[in-house]
Amino acid sequence: MSAPAHRPAKAERTMWTTRVRERAVREMPPEKLLPDRQPSYVSSWIYVFGVVTIAAFAVVVASGVILGLKGPEWWHLTGLGHFVNSMHLWAVEIFFFAMVVHLWGKFFMGAWRGGRSRTWVTGAITFLVAIGAAFTGYVSQQNFDSQWIAFEAKDGLNAVGIGSFFNVANFGQMYTWHVILLPTVVVLLIVGHVLLVRRTGVVPPYAARLAKAPPAATATAAGAATGAEDA
Amino acid sequence: MTGTTPLGAIFDLNVPAHYLSWHFIQISVPNFVVIVLMIVVFVAALLIPFPKREREP
Ligand code: HEM
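Residues numbered from 1 in each chain as written. Chains lettered and ligands numbered in written order. Predicted model: local features only at pLDDT ≥ 70, side-chain atom pairs only at ≥ 80, totals over all residues. Heavy atoms only, no water.

A. Up close: the packing of aromatic side chains. Scanning all chains against the criterion turns up 11 aromatic pairs over all chains. Aromatic side chains W104(A) and F42(B) sit 5.9 Å apart centroid to centroid with 85 degrees between the ring planes, which places their arrangement in the edge-to-face category. Note that W104(A) is positioned in helix α5 (residues 79-109) and F42(B) in helix α2 (residues 29-47), a pairing that runs across two chains. For W104(A), a relative accessible area of 24% gives the class partly exposed. The exposure class assigned to F42(B) is buried, which follows from its relative accessible area of 12%. Centroid distance F107(A) to F108(A): 5.1 Å. Interplanar angle 85 degrees. Geometry classified as edge-to-face. (Phe/Tyr/Trp six-rings, centres within 6.5 Å; stacked < 30°, edge-to-face > 60°. Helix = DSSP H or I, 4+ residues; strand = E, 2+ residues; numbered from the N terminus. Buried < 20%, exposed > 50% of the residue type's maximum accessible area, 1.4 Å probe, protein only.)

Below, the structure written as structure tokens:
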């Protein structure tokens, strides 16, 4: 952004709205938030899997909303209900599939380097929360399968002491976790994860760094570097 | 519903999955297939060239 942001008078700058706005623009200037260029090494299929995960998640949410609005009788007893139910399940399969390929890619790129640890950690937490979301979905099916899963799970959950407030045999509770609480957490984590990627820029490959830095310095330089080299 | 379609005959989901056992490792065939597919897709993503844009700098 070439035009300078509005610089408010001193009195205004004590307002939290001003401070939040200034900080947001400083940390996430529009050209970083919505860039039109990426480094050449990003033109590889392995960089597509984060977005594939988001696309699959969008289908999960859309089909889930339809299932929720129509209800269990519809998704068990009608042809269209079966179809939307299957869309929901298979989108979840693609979501986890793409997430794992994404995770492997980032692992072998060492994509936590250069101040990107929070990107890795938000990703890992999203994975764990998503497993919880999937599990509460399986026990919300309202069929023998969900009863079987719930009764297999309850002993384990009781044994670790969380059965009293996370009760897999309580449909209302599991359904609330599945359709409201955990999806909201996953959405917030994905938003944070992607904003962090935008802020630091895509991590340079190991080889590109080796070419630039003197050989002895490479091991430690990785931790100190920021996204500046991506520009 | 089993066997009402050719695909249904191959992927019969109305029976328990088969399990592979190797020493202490036990894994169902569907889970094993998914892991193999993920590895295949991962390797393909590294090897298949990414299409170039027209107006490349
Ligand atoms: C809901 C699940 C997830 C979504 C939607 C998601 C989405 C994304 C997207 C869109 C990007 C940028 C494009 C790309 O490189 O693919 C990205 C980058 C990244 N992701 Fe994920 N991700 C998820 C899970 C994970 C997991 C499980 C990990 C690892 C534990 C992870 C680690 C990373 C890292 C380290 C980057 C930064 C790459 C860089 O700066 O070069 N993500 N993610």
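B. Region of interest: the pattern of salt bridges. Residues and elements named next belong to chain A. Scanning all chains against the criterion turns up three salt bridges over all chains. One salt bridge in this structure joins R23 and E27, with 3.7 Å as the shortest N-O distance. Taken as a pair, R23 and E27 lie in helix α1 (residues 16-27) at a separation of four residues, close to a single helical turn. For E27, a relative accessible area of 27% translates into the label partly exposed. Among the ionic pairs, E27 bridges to R199, the shortest N-O distance being 2.6 Å. You can see E27 sitting in helix α1 and its partner R199 sitting in helix α8 (residues 171-200), a full 172 residues away along the chain. (Salt bridge = Lys/Arg side-chain N within 4 Å of Asp/Glu carboxyl O.)

C. Just the interface of chain A and chain B, in detail. Contacts between the two partners involve 13 residues from chain A, matched on the other side by 13 residues from chain B. Contact with chain B buries surface across chain A, with W45(A), F97(A) and W104(A) losing the most and accounting together for 49% of the total. On inspection of chain A and its partner chain B, the count reaches zero salt bridges. Our count for the chain A to chain B interface comes out at one residue pair in polar contact (both at pLDDT 80 or more). (Contact = heavy atoms within 4.5 Å. Buried area = accessible area lost by both parts, 1.4 Å probe. Polar contact = N/O pair within 3.5 Å; in protein donor to acceptor, adjacent residues only side chain to side chain.)

D. Molecular detail of the site of the ligand. All names here are of chain A. Around the ligand sit 24 residues, and of these H102, K106, G123, H193 and V203 come closest. Residue G50 places a main-chain N or O atom 3.2 Å away from an oxygen atom belonging to the ligand. The separation between a nitrogen atom of the ligand and a polar side-chain atom of H193 is 2.7 Å. Sorting elements by how many residues they give to the shell around the ligand places helix α6 (residues 117-138) first, with six residues. The residue inventory of the shell around the ligand, partitioned by class, reads 14 nonpolar, eight polar and two charged. Taken domain by domain, the shell around the ligand gets at least three of its residues from each of domain 1 (45-109) and domain 2 (110-202). (Near = heavy atom within 4 Å. Nonpolar A, V, L, I, M, F, W, Y, C, P; charged D, E, K, R; others polar. Domains from an automatic or database assignment.)

E. How the structure looks around a nonpolar patch on the surface. Residues and elements named next belong to chain B. On the surface, a cluster of nonpolar side chains totalling about 530 Å² of accessible area is made up of L20, V29, F32, V33, V36, L37 and V40. With six residues, the top contributor of residues to the nonpolar patch is α2. As for its placement among the helices and strands, L20 is situated in strand β1 (residues 19-22). (Patch = residues over 30% accessible without salt bridge, like charges linked within 9 Å, V, L, I, M, F, W, Y side chains within 5 Å. Areas by Shrake-Rupley, 256 points an atom, 1.4 Å probe, with all protein chains shown as cover.)

F. Main features of the domain arrangement of chain A. Residue and element names in this part refer to chain A. Taken domain by domain, chain A comprises domain 1 (45-109) and domain 2 (110-202). Domain 1 puts 20 residues into the contact, and the matching count from domain 2 is 23 residues. Across the domain 1 to domain 2 interface the summed buried area is about 1500 Å²; carbon plus sulfur atoms make up 75%. Along the contact surface separating domain 1 from domain 2 lie eight residue pairs in polar contact (both at pLDDT 80 or more). When residues in the side of domain 1 that touches domain 2 are grouped by element, the largest group, 13 residues, is from α5. Classifying every residue of the side of domain 1 that touches domain 2 gives 14 nonpolar, four polar and two charged.

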